[in-house]
Amino acid sequence: MDHSVELATVNDLPYLSENIVSHRGKILAVVTSMDMMGDSDKTTGYELTELARAYYVFTANGFEVDIASPKGGKPPVVIDDEDMGAFDFAFLKDSIAQNKTSHTIAMEDVVAEDYEAVFFVGGKGAMFDFPDNKAIQSLVKNYYQSNKVVGAVCHGPSALVNVKLDNGHHLLENKNVSAFTNKEELLLISDAKSIFPFLLQDKMIEQGARFNEGGMYLDKISHDRNLITGQNPWSTWSLAERMVQQLGYTPKYRKITAEENAMKVLLAYEKHGKKQARKMIETLQKEKKSMDRILLAKHGIISVMKGQLGDFPNLIGLVSYAKKCESQTEKI
(Lines give C-alpha, C1' and ligand atoms only; values in the text may rest on other atoms or scores of the structure.)
Protein backbone atom coordinates (compact mmCIF):
# COMPACT_ATOMS: atom_id res chain seq x y z
CA MET A 1 0.00 0.00 0.00
CA ASP A 2 1.11 3.53 -0.80
CA HIS A 3 2.29 4.93 2.56
CA SER A 4 0.70 8.31 1.76
CA VAL A 5 -2.71 6.61 1.83
CA GLU A 6 -2.22 5.65 5.48
CA LEU A 7 -1.19 9.21 6.33
CA ALA A 8 -4.19 10.83 4.61
CA THR A 9 -6.22 13.40 6.51
CA VAL A 10 -9.35 15.34 5.60
CA ASN A 11 -7.19 18.29 4.53
CA ASP A 12 -5.31 16.03 2.07
CA LEU A 13 -8.50 15.05 0.24
CA PRO A 14 -9.77 17.76 -2.18
CA TYR A 15 -13.22 16.15 -2.24
CA LEU A 16 -13.57 17.10 1.42
CA SER A 17 -11.40 20.19 1.76
CA GLU A 18 -12.26 22.14 -1.42
CA ASN A 19 -15.47 23.63 -2.88
CA ILE A 20 -17.34 23.26 0.39
CA VAL A 21 -21.09 22.74 -0.05
CA SER A 22 -23.42 24.78 2.17
CA HIS A 23 -25.46 23.07 4.88
CA ARG A 24 -28.41 21.03 3.58
CA GLY A 25 -29.60 19.26 6.70
CA LYS A 26 -28.70 16.14 8.68
CA ILE A 27 -28.47 12.42 7.96
CA LEU A 28 -28.51 9.71 10.62
CA ALA A 29 -26.10 6.78 10.26
CA VAL A 30 -26.89 3.70 12.36
CA VAL A 31 -24.30 1.09 13.37
CA THR A 32 -24.53 -2.16 15.33
CA SER A 33 -23.79 -2.44 19.04
CA MET A 34 -23.01 -6.16 18.84
CA ASP A 35 -19.42 -7.31 19.35
CA MET A 36 -20.04 -11.06 18.98
CA MET A 37 -21.95 -13.11 16.39
CA GLY A 38 -24.67 -14.62 18.56
CA ASP A 39 -23.46 -17.50 20.72
CA SER A 40 -20.41 -18.17 18.56
CA ASP A 41 -16.84 -17.12 19.38
CA LYS A 42 -16.66 -14.86 16.31
CA THR A 43 -16.14 -11.17 16.97
CA THR A 44 -17.96 -8.52 14.98
CA GLY A 45 -19.00 -4.87 14.88
CA TYR A 46 -19.80 -2.26 12.25
CA GLU A 47 -17.66 -2.10 9.11
CA LEU A 48 -15.48 1.00 9.25
CA THR A 49 -15.21 1.38 5.47
CA GLU A 50 -18.98 1.34 5.05
CA LEU A 51 -19.44 4.09 7.63
CA ALA A 52 -16.43 6.21 6.64
CA ARG A 53 -17.14 6.35 2.91
CA ALA A 54 -20.83 7.12 3.27
CA TYR A 55 -20.08 9.64 6.03
CA TYR A 56 -17.77 11.57 3.73
CA VAL A 57 -20.12 11.44 0.75
CA PHE A 58 -22.83 12.93 2.95
CA THR A 59 -20.63 15.60 4.53
CA ALA A 60 -19.03 16.55 1.19
CA ASN A 61 -22.54 17.11 -0.15
CA GLY A 62 -23.55 19.44 2.66
CA PHE A 63 -25.10 17.08 5.21
CA GLU A 64 -24.12 16.85 8.84
CA VAL A 65 -24.00 13.23 9.98
CA ASP A 66 -24.97 11.95 13.41
CA ILE A 67 -24.24 8.36 14.39
CA ALA A 68 -26.58 6.16 16.41
CA SER A 69 -26.58 2.55 17.60
CA PRO A 70 -29.08 0.34 19.43
CA LYS A 71 -27.30 0.73 22.78
CA GLY A 72 -25.57 4.08 22.25
CA GLY A 73 -22.04 4.85 23.46
CA LYS A 74 -18.96 3.41 21.77
CA PRO A 75 -19.84 0.50 19.48
CA PRO A 76 -17.42 -2.22 18.30
CA VAL A 77 -15.76 -1.67 14.93
CA VAL A 78 -14.31 -4.01 12.33
CA ILE A 79 -11.25 -2.64 10.53
CA ASP A 80 -10.07 -4.74 7.60
CA ASP A 81 -6.56 -3.47 6.85
CA GLU A 82 -6.61 -4.90 3.32
CA ASP A 83 -9.66 -2.85 2.34
CA MET A 84 -8.59 0.47 3.87
CA GLY A 85 -8.22 3.47 1.57
CA ALA A 86 -7.36 7.14 2.00
CA PHE A 87 -10.85 8.13 3.16
CA ASP A 88 -10.91 5.33 5.73
CA PHE A 89 -7.56 6.33 7.23
CA ALA A 90 -8.64 9.98 7.22
CA PHE A 91 -11.79 8.98 9.11
CA LEU A 92 -9.67 7.45 11.89
CA LYS A 93 -7.83 10.77 12.27
CA ASP A 94 -10.93 12.95 12.00
CA SER A 95 -11.59 14.23 15.53
CA ILE A 96 -15.21 15.14 14.80
CA ALA A 97 -15.99 11.75 13.25
CA GLN A 98 -14.19 9.89 16.01
CA ASN A 99 -16.05 11.78 18.71
CA LYS A 100 -19.32 10.79 17.05
CA THR A 101 -18.33 7.12 16.76
CA SER A 102 -17.22 7.10 20.41
CA HIS A 103 -20.46 8.66 21.63
CA THR A 104 -23.21 7.25 19.43
CA ILE A 105 -26.80 8.18 20.18
CA ALA A 106 -28.93 5.36 21.58
CA MET A 107 -31.70 4.60 19.07
CA GLU A 108 -34.38 5.22 21.68
CA ASP A 109 -33.01 8.77 22.10
CA VAL A 110 -32.95 9.65 18.39
CA VAL A 111 -35.14 12.61 17.43
CA ALA A 112 -36.37 11.35 14.06
CA GLU A 113 -37.59 14.78 12.94
CA ASP A 114 -34.02 16.11 12.96
CA TYR A 115 -32.92 14.10 9.90
CA GLU A 116 -33.56 14.08 6.18
CA ALA A 117 -32.51 10.45 5.75
CA VAL A 118 -31.22 7.36 7.56
CA PHE A 119 -28.37 5.09 6.50
CA PHE A 120 -27.90 1.65 8.05
CA VAL A 121 -24.26 0.59 8.07
CA GLY A 122 -23.30 -3.03 7.57
CA GLY A 123 -21.34 -5.33 9.78
CA LYS A 124 -22.43 -8.83 10.74
CA GLY A 125 -23.46 -7.65 14.20
CA ALA A 126 -26.39 -5.84 12.58
CA MET A 127 -28.00 -9.22 11.95
CA PHE A 128 -28.48 -9.59 15.70
CA ASP A 129 -29.56 -6.17 16.97
CA PHE A 130 -31.22 -4.42 14.01
CA PRO A 131 -34.15 -6.72 13.07
CA ASP A 132 -36.06 -6.63 16.38
CA ASN A 133 -35.18 -3.13 17.57
CA LYS A 134 -38.49 -1.28 18.02
CA ALA A 135 -36.91 2.17 17.68
CA ILE A 136 -35.34 1.17 14.37
CA GLN A 137 -38.61 -0.31 13.12
CA SER A 138 -40.53 2.83 14.06
CA LEU A 139 -38.03 5.18 12.43
CA VAL A 140 -37.84 3.14 9.21
CA LYS A 141 -41.62 2.90 8.94
CA ASN A 142 -42.12 6.62 9.53
CA TYR A 143 -39.34 7.65 7.16
CA TYR A 144 -40.51 5.37 4.38
CA GLN A 145 -44.15 6.43 4.70
CA SER A 146 -43.24 10.14 4.81
CA ASN A 147 -41.00 9.76 1.73
CA LYS A 148 -37.75 10.38 3.59
CA VAL A 149 -34.77 8.49 2.21
CA VAL A 150 -33.94 5.10 3.74
CA GLY A 151 -30.56 3.62 2.78
CA ALA A 152 -28.78 0.46 3.88
CA VAL A 153 -25.73 -1.50 2.73
CA CYS A 154 -24.42 -5.07 3.11
CA HIS A 155 -25.93 -6.40 6.38
CA GLY A 156 -27.49 -2.99 7.08
CA PRO A 157 -30.73 -4.02 5.29
CA SER A 158 -31.37 -6.34 8.24
CA ALA A 159 -32.95 -3.18 9.72
CA LEU A 160 -35.75 -3.54 7.17
CA VAL A 161 -36.78 -7.16 7.57
CA ASN A 162 -39.38 -6.90 10.33
CA VAL A 163 -40.79 -3.48 9.49
CA LYS A 164 -44.52 -3.41 8.88
CA LEU A 165 -46.27 -0.40 7.37
CA ASP A 166 -49.53 1.11 8.61
CA ASN A 167 -51.39 -0.95 5.99
CA GLY A 168 -50.19 -4.13 7.71
CA HIS A 169 -47.87 -5.18 4.89
CA HIS A 170 -44.15 -5.80 5.24
CA LEU A 171 -42.08 -2.84 4.05
CA LEU A 172 -40.14 -5.23 1.83
CA GLU A 173 -43.19 -6.58 0.02
CA ASN A 174 -42.74 -6.06 -3.76
CA LYS A 175 -39.66 -3.86 -3.23
CA ASN A 176 -36.53 -4.15 -5.35
CA VAL A 177 -33.66 -4.62 -2.90
CA SER A 178 -30.03 -5.67 -2.62
CA ALA A 179 -28.11 -6.92 0.41
CA PHE A 180 -25.34 -9.34 1.34
CA THR A 181 -26.18 -12.52 -0.56
CA ASN A 182 -26.37 -16.11 0.62
CA LYS A 183 -23.42 -16.98 -1.62
CA GLU A 184 -21.28 -14.19 -0.17
CA GLU A 185 -22.22 -15.16 3.38
CA LEU A 186 -21.65 -18.88 3.04
CA LEU A 187 -18.36 -18.51 1.16
CA LEU A 188 -16.78 -16.79 4.15
CA ILE A 189 -18.73 -18.46 6.98
CA SER A 190 -19.70 -21.99 6.00
CA ASP A 191 -21.81 -22.46 9.16
CA ALA A 192 -23.59 -19.11 8.79
CA LYS A 193 -27.01 -20.80 8.89
CA SER A 194 -26.37 -21.94 12.46
CA ILE A 195 -24.68 -18.71 13.62
CA PHE A 196 -27.09 -16.10 12.29
CA PRO A 197 -30.79 -15.91 13.13
CA PHE A 198 -31.41 -16.08 9.37
CA LEU A 199 -29.67 -15.53 6.06
CA LEU A 200 -30.47 -12.00 4.95
CA GLN A 201 -31.30 -12.82 1.34
CA ASP A 202 -33.66 -15.60 2.41
CA LYS A 203 -35.45 -13.42 4.96
CA MET A 204 -35.95 -10.53 2.55
CA ILE A 205 -37.40 -12.84 -0.10
CA GLU A 206 -39.59 -14.50 2.54
CA GLN A 207 -41.09 -11.09 3.30
CA GLY A 208 -41.93 -10.48 -0.35
CA ALA A 209 -38.88 -8.59 -1.64
CA ARG A 210 -37.66 -8.77 -5.22
CA PHE A 211 -34.03 -9.51 -4.43
CA ASN A 212 -31.50 -8.26 -6.99
CA GLU A 213 -28.38 -10.40 -6.72
CA GLY A 214 -25.28 -8.95 -8.37
CA GLY A 215 -21.88 -10.53 -8.89
CA MET A 216 -20.18 -11.86 -5.78
CA TYR A 217 -18.35 -9.03 -3.96
CA LEU A 218 -19.09 -6.58 -6.80
CA ASP A 219 -20.85 -3.21 -6.59
CA LYS A 220 -24.64 -3.58 -6.82
CA ILE A 221 -27.39 -1.26 -5.60
CA SER A 222 -31.18 -1.27 -5.90
CA HIS A 223 -33.32 1.85 -5.90
CA ASP A 224 -37.06 1.58 -5.25
CA ARG A 225 -38.61 5.02 -4.69
CA ASN A 226 -37.11 6.33 -1.42
CA LEU A 227 -35.59 2.94 -0.48
CA ILE A 228 -31.97 2.42 -1.57
CA THR A 229 -30.04 -0.72 -0.72
CA GLY A 230 -26.55 -2.04 -1.52
CA GLN A 231 -25.19 -5.57 -1.72
CA ASN A 232 -21.81 -5.34 0.01
CA PRO A 233 -19.04 -2.97 1.18
CA TRP A 234 -18.03 -2.23 -2.42
CA SER A 235 -21.49 -0.75 -3.00
CA THR A 236 -21.07 2.00 -0.40
CA TRP A 237 -19.85 4.83 -2.65
CA SER A 238 -22.58 4.41 -5.25
CA LEU A 239 -25.29 3.88 -2.63
CA ALA A 240 -24.39 7.03 -0.67
CA GLU A 241 -24.29 9.12 -3.84
CA ARG A 242 -27.65 7.69 -4.95
CA MET A 243 -29.06 8.75 -1.59
CA VAL A 244 -27.83 12.30 -2.23
CA GLN A 245 -29.57 12.21 -5.61
CA GLN A 246 -32.80 10.97 -4.04
CA LEU A 247 -32.57 13.88 -1.61
CA GLY A 248 -32.76 16.15 -4.64
CA TYR A 249 -29.13 17.11 -5.25
CA THR A 250 -26.50 16.39 -7.87
CA PRO A 251 -23.62 14.67 -6.03
CA LYS A 252 -20.46 16.71 -5.80
CA TYR A 253 -17.69 15.61 -8.18
CA ARG A 254 -15.55 12.91 -6.63
CA LYS A 255 -12.45 11.38 -8.18
CA ILE A 256 -13.16 7.67 -8.56
CA THR A 257 -10.88 5.53 -6.41
CA ALA A 258 -8.48 2.88 -7.70
CA GLU A 259 -10.65 0.26 -6.00
CA GLU A 260 -13.75 1.44 -7.88
CA ASN A 261 -11.88 1.33 -11.19
CA ALA A 262 -10.85 -2.26 -10.44
CA MET A 263 -14.53 -2.96 -9.77
CA LYS A 264 -15.35 -1.67 -13.28
CA VAL A 265 -12.90 -4.16 -14.74
CA LEU A 266 -14.36 -6.98 -12.65
CA LEU A 267 -17.90 -6.07 -13.66
CA ALA A 268 -16.85 -6.02 -17.32
CA TYR A 269 -15.35 -9.49 -16.88
CA GLU A 270 -18.43 -10.76 -15.04
CA LYS A 271 -20.84 -9.53 -17.72
CA HIS A 272 -18.87 -9.74 -20.96
CA GLY A 273 -15.72 -11.79 -20.41
CA LYS A 274 -11.97 -11.32 -20.59
CA LYS A 275 -11.87 -9.35 -23.85
CA GLN A 276 -14.12 -6.57 -22.53
CA ALA A 277 -12.24 -6.51 -19.24
CA ARG A 278 -8.97 -5.94 -21.12
CA LYS A 279 -10.62 -3.12 -23.06
CA MET A 280 -11.71 -1.54 -19.79
CA ILE A 281 -8.12 -1.73 -18.50
CA GLU A 282 -6.91 -0.05 -21.70
CA THR A 283 -9.51 2.70 -21.34
CA LEU A 284 -8.51 3.38 -17.75
CA GLN A 285 -4.84 3.60 -18.74
CA LYS A 286 -5.58 5.98 -21.62
CA GLU A 287 -7.54 8.19 -19.24
CA LYS A 288 -4.67 7.95 -16.72
CA LYS A 289 -6.92 6.53 -14.03
CA SER A 290 -5.37 4.38 -11.33
CA MET A 291 -6.62 0.85 -10.69
CA ASP A 292 -6.22 -1.47 -7.72
CA ARG A 293 -4.56 -4.58 -9.19
CA ILE A 294 -4.58 -6.29 -5.79
CA LEU A 295 -8.38 -6.31 -5.84
CA LEU A 296 -8.31 -8.15 -9.17
CA ALA A 297 -5.94 -10.73 -7.66
CA LYS A 298 -8.23 -11.15 -4.65
CA HIS A 299 -11.11 -11.99 -6.95
CA GLY A 300 -8.89 -14.59 -8.57
CA ILE A 301 -8.55 -16.21 -5.15
CA ILE A 302 -12.30 -15.89 -4.58
CA SER A 303 -12.93 -17.71 -7.86
CA VAL A 304 -10.91 -20.66 -6.52
CA MET A 305 -12.87 -20.59 -3.27
CA LYS A 306 -16.08 -20.65 -5.33
CA GLY A 307 -14.79 -23.64 -7.29
CA GLN A 308 -14.69 -21.64 -10.53
CA LEU A 309 -11.14 -22.68 -11.38
CA GLY A 310 -11.34 -21.42 -14.94
CA ASP A 311 -11.71 -17.83 -13.76
CA PHE A 312 -8.48 -17.88 -11.76
CA PRO A 313 -6.01 -17.80 -14.69
CA ASN A 314 -8.19 -15.25 -16.49
CA LEU A 315 -8.25 -12.87 -13.51
CA ILE A 316 -4.55 -13.27 -12.78
CA GLY A 317 -3.99 -12.67 -16.48
CA LEU A 318 -5.88 -9.39 -16.16
CA VAL A 319 -3.59 -8.41 -13.29
CA SER A 320 -0.56 -9.02 -15.52
CA TYR A 321 -2.18 -7.18 -18.42
CA ALA A 322 -2.95 -4.18 -16.19
CA LYS A 323 0.66 -4.13 -15.00
CA LYS A 324 1.91 -4.32 -18.60
CA CYS A 325 -0.38 -1.45 -19.70
CA GLU A 326 0.72 0.62 -16.74
CA SER A 327 4.40 0.06 -17.57
CA GLN A 328 3.84 1.07 -21.20
CA THR A 329 2.04 4.22 -20.10
CA GLU A 330 4.93 5.16 -17.80
CA LYS A 331 7.40 4.85 -20.67
CA ILE A 332 5.46 7.23 -22.89
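Here, every reference points to the structure presented above.
Remember, it's a predicted structure, so these values are computed and weren't measured experimentally.

## Things to note about the sheet that holds strand β11 (residues 227-230)
Part 1 of the argument: The mixed open sheet is built from seven strands, whose spatial order is β5-β3-β1-β6-β7-β11-β10. Because the sheet does not close on itself, it has two edges, and the strands there are β5 (105-106) and β10 (221-224).
Part 2 of the argument: Bridge analysis of strand β1 (residues 25-30) against strand β3 (residues 63-69) gives six bridges, and the strand direction is parallel. When the bridges of β3 are listed, glycine 25 appears paired with phenylalanine 63.
Part 3 of the argument: Running over the sheet, helix α3 (residues 48-60) touches β1, β3, β6 (117-120) and β7 (149-153) and is turned about 150 degrees from β3.

## What to know about the pairing of β10
Part 1 of the argument: The pairing of β10 with β11 spans four bridges and is antiparallel. Counted as the bridge partner of histidine 223 is isoleucine 228 from β11.
Part 2 of the argument: Turn length for the β10-β11 hairpin, with the two strands adjacent in sequence and antiparallel, is two residues, and the turn residue arginine 225 shows positive phi of about 55 degrees.

## A look at the pairing of β11
Part 1 of the argument: Burial of the side chains of β11 extends over both faces: Leu227 and Thr229 are buried on one face and Ile228 and Gly230 on the other.
Part 2 of the argument: Of the strand pairs in this sheet, β7 and β11 are connected by four bridges, and their pairing is parallel. Note that in β11 the partner of valine 150 across the bridge is leucine 227.

## Digging into the layout of surface pockets
Part 1 of the argument: Computed from the structure, the largest pocket encloses a volume of approximately 1,200 Å³.
Part 2 of the argument: What lines the largest pocket is a set of 35 residues, among which Val5, Gly85, Ala86, Thr257 and Ala258 lie closest to the centre.
Part 3 of the argument: At four residues, helix α14 (residues 293-305) tops the list of elements feeding residues into the lining of the largest pocket.
Part 4 of the argument: Volume-wise, the second largest pocket comes out at about 560 Å³.
Part 5 of the argument: Elements with a contribution of two residues or more to the lining of the second largest pocket: α3 and α14.
Part 6 of the argument: With six residues, α14 is the largest single contributor of residues to the lining of the second largest pocket.

## A look at helix α11 (residues 236-246)
Part 1 of the argument: Looking at α11, one finds that the buried residues are Thr236, Trp237, Leu239, Ala240, Glu241, Met243 and Val244.
Part 2 of the argument: One or two steps after α11, the chain reaches glycine 248, where phi turns positive at roughly 105 degrees.

## Details of the packing of helix α12 (residues 258-272) against α14
Part 1 of the argument: At a minimum axis distance of 8 Å, the contact between α12 and α14 shows a crossing angle of 45 degrees. Taken together, the axes of α12 and α14 are oblique relative to one another. Judged by the twist between their axes, the crossing of α12 over α14 is right-handed. Along the contact surface, α12 presents Glu259, Ala262, Met263, Val265 and Leu266, while α14 presents Leu295, Leu296 and His299.

Definitions and cut-offs
- Residues numbered from 1 in each chain as written.
- Predicted model: local features only at pLDDT ≥ 70, side-chain atom pairs only at ≥ 80, totals over all residues.
- Heavy atoms only, no water.
- Pairing = 2+ DSSP bridges.
- Helix = DSSP H or I, 4+ residues; strand = E, 2+ residues; numbered from the N terminus.
- Contact = heavy atoms within 4.5 Å.
- Axes fitted to C-alpha atoms, helices over the stretch in contact; angles between N-to-C directions.
- Buried < 20%, exposed > 50% of the residue type's maximum accessible area, 1.4 Å probe, protein only.
- 1 Å grid on protein atoms, 1.4 Å probe; cavity = no way out; pocket = protein on both sides within 12 Å on 5 of 7 lines; lining within 4 Å.
- Points joined across faces, edges and corners; volume = space filled by probe spheres on them.
- Parallel < 35°, antiparallel > 145°, perpendicular 65-115°, else oblique.
- Left-handed = near helix turned anticlockwise from the far one by under 90°.

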